[in-house]
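The residues making up each chain are set out below.
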Amino acid sequence: MKKSTRTLTHTLKSIAKFATAASILTVSLNVFAEPIEIKFSHVVAENTPKGQMALKFKELIEQRLPGEYVVNVFPNSQLFGDNNELAALLLNDVQFVAPSLSKFERYTKKLQIFDLPFLFEDMDAVDRFQQSESGQKLLNAMNRKGVVGLGYLHNGMKQFSANDPLNVPKDANGKKFRIMASDVIAAQFDAVGAIPVKKPFSEVFTLLQTRAIDGQENTWSNTYSMKFYEVQSHITESNHGVLDYMVVTSNTFWKGLPADKRAVFKSSLDEAIALGNKIAAEKGNEDKQAILDSNRSKLVTLTPEARQQWVNAMKPVWAKFEDQIGKDMIDAAQAANTK
């Protein structure tokens, strides 16, 4: 009996030593392991709301998970352009991207709602809709295609720019406007007799500078950071649409993260997006003023009557895409205009 007790004790001590050695080995391997690289690609400048959001995300992840992950941010289409970043995401060549909502058209028709002209009165209405049950539901609209929506990032309301003043819809007739790859936006310009030209964001300045196109639509932030105002003589303050983004990752990458790490990634991203949205609100007014102060572009302010002409001309686009988007979604978006 004593012998078996001694044998048991010896066995337990051996197990304990082995467990301790294994623990030390694991810690040692973790210490010397290279951090996992996370690539965040986007197509705008670092001084934009999106650029600042991405850098904040990098800061928070590397602060909260030190030595485990390193986040490399690639702005200005350095890694992928806006026409191929989603394909790169699904191939795991990049782990996070934040395309404009128009870019998801091939993955879901539901998000076309954000391209409908004159649907939202202002950014507060946009935010109310995005945070509503209907808006949050849209984050999951691409799950079956392998794309996971993690949050909405604001840029602002869109304005028209051209080399001639755009006061009423007929002023756009026959003019070429660069657009994102969006059937809704194409229909929007068709409605006023303009010619929509689908081109990558990175090419817009050159296209404007060489007069290959006559105008474009964008937020104050993008118009300023990309210097479009330097090659456009007039900007019409139309507030006719919203240019927002969705921060997304792939289903494969997201589910491959350990649950505790995934929680850190999500909370860090939420915090980074909140900062980006705060910057977006501030920069809209600042960049608008900077453009006006430059005296490079003249501001066209629409009268209520002139703006209503634009609304009347473009609103039929809603009916054209109602079946794809869903009338219930459009009604929910309209309801967000009421506080």
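Per an unreviewed UniProt entry, the protein chain goes by C4-dicarboxylate ABC transporter and derives from Shewanella saliphila. Here is the UniProt Sequence similarities (unreviewed entry) comment for the protein chain, exactly as written: "Belongs to the bacterial solute-binding protein 7 family."

Enquirer: Sorry, what's going on with the overall build of the protein chain here?
Expert: If you tally the helices and strands in the protein chain, you get 13 helices and nine strands. When the backbone C-alpha atoms are referred to their principal axes, the protein chain occupies close to 105 × 40 × 35 Å. Counting all 339 residues of the protein chain, 50% fall into the buried class. Of the roughly 16,200 Å² of accessible surface on the protein chain, a fraction of 52% belongs to carbon and sulfur atoms.

Enquirer: Honestly, the confidence of the model for the protein chain in this entry has me stumped. Any pointers?
Expert: Interpretation of this model should avoid reading the predicted coordinates in detail wherever pLDDT is low. The predicted model of the protein chain has a mean per-residue pLDDT of 91, with 91% of residues at 70 or higher. The low-confidence segment residues 21-30 (pLDDT under 50) makes zero contacts with residues lying over four places distant or belonging to another chain.

Enquirer: Before we go on, may I ask you to explain the pattern of salt bridges in this structure?
Expert: Within the structure shown, the criterion is met by 14 salt bridges. Across the pair Glu62 and Lys58 runs a salt bridge, and its minimum N-O distance is 2.8 Å. Placement of both Glu62 and Lys58 in helix α2 (residues 49-64) is noted, with a separation of four residues, approximately one turn of the helix. Salt-bridge contacts for Lys283 lead to Asp287; the nearest nitrogen and oxygen are separated by 3.4 Å. Remark: Asp287 and Lys283 occur in helix α10 (residues 259-294); sequence separation between them is four residues, near one turn of the helix. Given the relative accessible area of 12%, Lys283 is considered buried. On the basis of relative accessibility, which here comes to 4%, the residue Asp287 falls in the buried class. Salt bridges linked by common partners bring Asp82, Lys103 and Arg178 together as one network.

Enquirer: Help me understand the side chain of Thr48 in this model?
Expert: Summarising the element assignment, Thr48 is placed in the loop between β1 (36-41) and α2. Dropping the residues within four chain positions of it, Thr48 is found in contact with Ser221, Asn222, Ser225 and Lys283.

Enquirer: What should I look at first to understand the packing of helix α6 (residues 183-190) against helix α12 (residues 316-325) in this one?
Expert: A packed helix pair is summarised by two numbers, namely the angle formed by the two axes and the spacing between the axes. For the pair α6 and α12, the least separation of the axes is 9 Å and the interaxial angle reads 150°. When the axes of α6 and α12 are compared, the pair comes out roughly antiparallel. The handedness of the crossing between α6 and α12 is right-handed. Contacts from Asp183, Val184, Ala187 and Gln188 in α6 reach Val317, Lys320 and Phe321 in α12. A class-by-class count of the residues in the contact of α6 with α12 yields four nonpolar, one polar and two charged.

Criteria and cut-off values
- Residues numbered from 1 in each chain as written.
- Predicted model: local features only at pLDDT ≥ 70, side-chain atom pairs only at ≥ 80, totals over all residues.
- Heavy atoms only, no water.
- UniProt positions renumbered as here; feature names shortened; annotations may be inferred.
- Helix = DSSP H or I, 4+ residues; strand = E, 2+ residues; numbered from the N terminus.
- Buried < 20%, exposed > 50% of the residue type's maximum accessible area, 1.4 Å probe, protein only.
- Areas by Shrake-Rupley, 256 points an atom, 1.4 Å probe, with all protein chains shown as cover.
- pLDDT = per-residue confidence, 0-100.
- Contact = heavy atoms within 4.5 Å.
- Salt bridge = Lys/Arg side-chain N within 4 Å of Asp/Glu carboxyl O.
- Axes fitted to C-alpha atoms, helices over the stretch in contact; angles between N-to-C directions.
- Parallel < 35°, antiparallel > 145°, perpendicular 65-115°, else oblique.
- Left-handed = near helix turned anticlockwise from the far one by under 90°.
- Nonpolar A, V, L, I, M, F, W, Y, C, P; charged D, E, K, R; others polar.

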